[in-house]
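Okay, here's what each chain looks like letter by letter:
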Amino acid sequence: MMKNIFLLLLLVSSISSAQHKIKGTLHPKPKTDWIILYKIEGTKQVFINNASIKSDSLKISKKREVVGTFEITLPPSAKSGAYRVTYATEGAGFVDFFYNKEDIYFIFNPAFPDRTISFTKSEENISYKKYLDEIGALQETLDSIQGAVLQNPALKKNDTYKKILSTINKVQNKYLELSKNKYIEPFVKAFLRNNSPEIETFADNYMNNLKNNYFDKIDFSNKTLINSQFLTDRISDYVFYLHYSDDQNMQQNLYKEGIKTVILKIKNQSYQKEIIEYLISQFESSKNVEIIDYLFEKHYNALPETLQDKKFKTEKLAFFATEIGRIAPDFSWTEKGGKMKLSSLNESENYVLVFWSTSCSHCLLEIPQLHTFLKNKKNIKVIAFALEKDAFVWKNFSKTNLYGWHNVLGLKKWENEVAKTYKIVSTPSYFVLNKNKKIIAKPEEMEGLKALFEKK
């Protein structure tokens, strides 16, 4: 019996010792009272646990101040990796760190998490933070010297540049040695930029060197790097910040060039898929339809069909179906006893597609005004799509007030399939099309529409 109790205590002790704690102090205490812990896997976050933020006091600069604290106990099964604590739904409301079978304690200002985080316990995170601080300060000095010479090539800064570069390399080698066989090793290997051995006097040479050697130290097959924010951030910086032009057409070509380079670097097709989906979501925020189409057509569609997420693709393409630059989704209607299709219209240089309703008082005032305004505009044809519950009022109104337009009846109102395709949530809604039915403008008001055609 005593032997069994002893074995049980030993088991409990071993389980307890295998558990590790994540403790955080937020100064000052944020308004929120919760935090969520995620593990980063590729470009995604996997929920691990959550905890409440409790109020506490801490002596800071000889003064007692209110702080927020939280604590999460990780299970013995918790895997080493990059983790994230989130405490806000918007902005810089998170901190990242590495977990590798050790307790982790840290303090930070929730308004400036990256700049203020300080680890008080965790050998790996303390060492990596010291590395980032040292190498970051030296790189900033090197960049300021390089920047000064690019602005004034007559400056004699090459010796100073080489001296700082030599110090950077020594610090890098020191931390490469300190990080050997540790979780942070691949990050230390990958972090340092491939700086030019000589100071550059021409901006084009500097940028070309930066772009051409940006990924030299990064192993795209390393699972530790893949399952962290590090690689995603580097890819994002390369595509969005190292490929920039004031010229819109050039900018689009630069985006494509940067994306192609990144995809070619990634041999793992599952990770390729993740990065392509990530980039699509980034370009979604700016509604850059051309680049989203490029990502699908040239890269996503090239993946094995078993890897492609058909639902993701359908939803994204449908979401952008009516953005500027897209061919307007086709639909048909009956007019004067015959079938008509939007795509088959061939009678004008421009078309105005307007969704309206006889139950919309604003429409009843505005649509006749639009009819009067466009009456003598020979190169503009209107398709007036009425969203109605029944046809009674629409028939009389359109015949009397909208002569010369293509008048389309859309029953079921907001549930009409064409209205849902065009994502109509209010009336009137305007789409301006060119002769090929490409959407070239989406004026929010009739005044904006009139401004487009004022001189036509």
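Residues numbered from 1 in each chain as written. Predicted model: local features only at pLDDT ≥ 70, side-chain atom pairs only at ≥ 80, totals over all residues. Heavy atoms only, no water.

A. Layout of the overall build of the protein chain. Secondary structure assignment for the protein chain yields 16 helices and 16 strands. The C-alpha atoms of the protein chain give a radius of gyration of 30 Å, which is well past the 23 Å a tight globule of 456 residues would have. On the principal axes, the C-alpha backbone points of the protein chain span a range of 90 × 80 × 55 Å. Buried residues in the protein chain amount to 45% of all 456 residues. Long-range contacts, defined here as pairs at least 24 residues apart, represent 61% of the contacts in the protein chain between residues at least 6 apart. As presented, the protein chain carries roughly 25,400 Å² of accessible surface, and 52% of it is formed by carbon and sulfur atoms. Charge-centre separation for the protein chain: the mean point of 66 positive side chains lies 2 Å from the mean point of 52 negative side chains. (Helix = DSSP H or I, 4+ residues; strand = E, 2+ residues; numbered from the N terminus. Rg over C-alpha atoms; globule rule 2.2 N^0.38 Å. Buried < 20%, exposed > 50% of the residue type's maximum accessible area, 1.4 Å probe, protein only. Contact = heavy atoms within 4.5 Å. Areas by Shrake-Rupley, 256 points an atom, 1.4 Å probe, with all protein chains shown as cover. Lys, Arg positive; Asp, Glu negative; His and termini not counted. Charge placed at Lys NZ, Arg CZ, Asp CG, Glu CD.)

B. Broad picture of the environment of Ser122. Assignment of secondary structure puts Ser122 in the loop between strand E9 (118–121) and helix H3 (123–151). For Ser122, a relative accessible area of 4% puts it in the buried group. With 18 residues separating them in the primary sequence, Ser122 and Ile104 have C-alpha atoms 4.9 Å apart. Ignoring anything within four residues of it in the chain, the contact list for Ser122 reads Glu102, Asp103 and Ile104. At 2.7 Å, the side chain of Ser122 and the side chain of Glu102 are in polar contact. (Polar contact = N/O pair within 3.5 Å; in protein donor to acceptor, adjacent residues only side chain to side chain.)

C. Inspection of the pattern of salt bridges at higher detail. As enumerated under the stated definition, the model contains 24 salt bridges in all. With a closest N to O distance of 2.8 Å, Glu123 and Lys182 form a salt bridge. Of this pair, Glu123 sits in helix H3 while Lys182 sits in the loop between helix H4 (158–178) and helix H5 (185–191), and the two are 59 residues apart along the sequence. You can call Lys182 partly exposed: its relative accessible area is 24%. Through salt bridges with shared partners, a single ionic network connects Lys21, Lys23 and Glu71. (Salt bridge = Lys/Arg side-chain N within 4 Å of Asp/Glu carboxyl O.)

D. Here's a closer look at the pairing of strand E10 (residues 332–335). Because side chains alternate across E10, one face comprises the buried residues Trp333 and Glu335, and the other comprises Ser332 and Thr334, none of which is buried. As judged from the four bridges shared by E10 and strand E11 (residues 338–341), these two strands associate in the antiparallel manner. Bridge pairing in E11 links Glu335 to Gly338. With antiparallel pairing between neighbouring strands as the criterion, E10 and E11 make up a hairpin whose turn holds two residues, including Lys336 at a positive phi of roughly 55°. (Pairing = 2+ DSSP bridges.)

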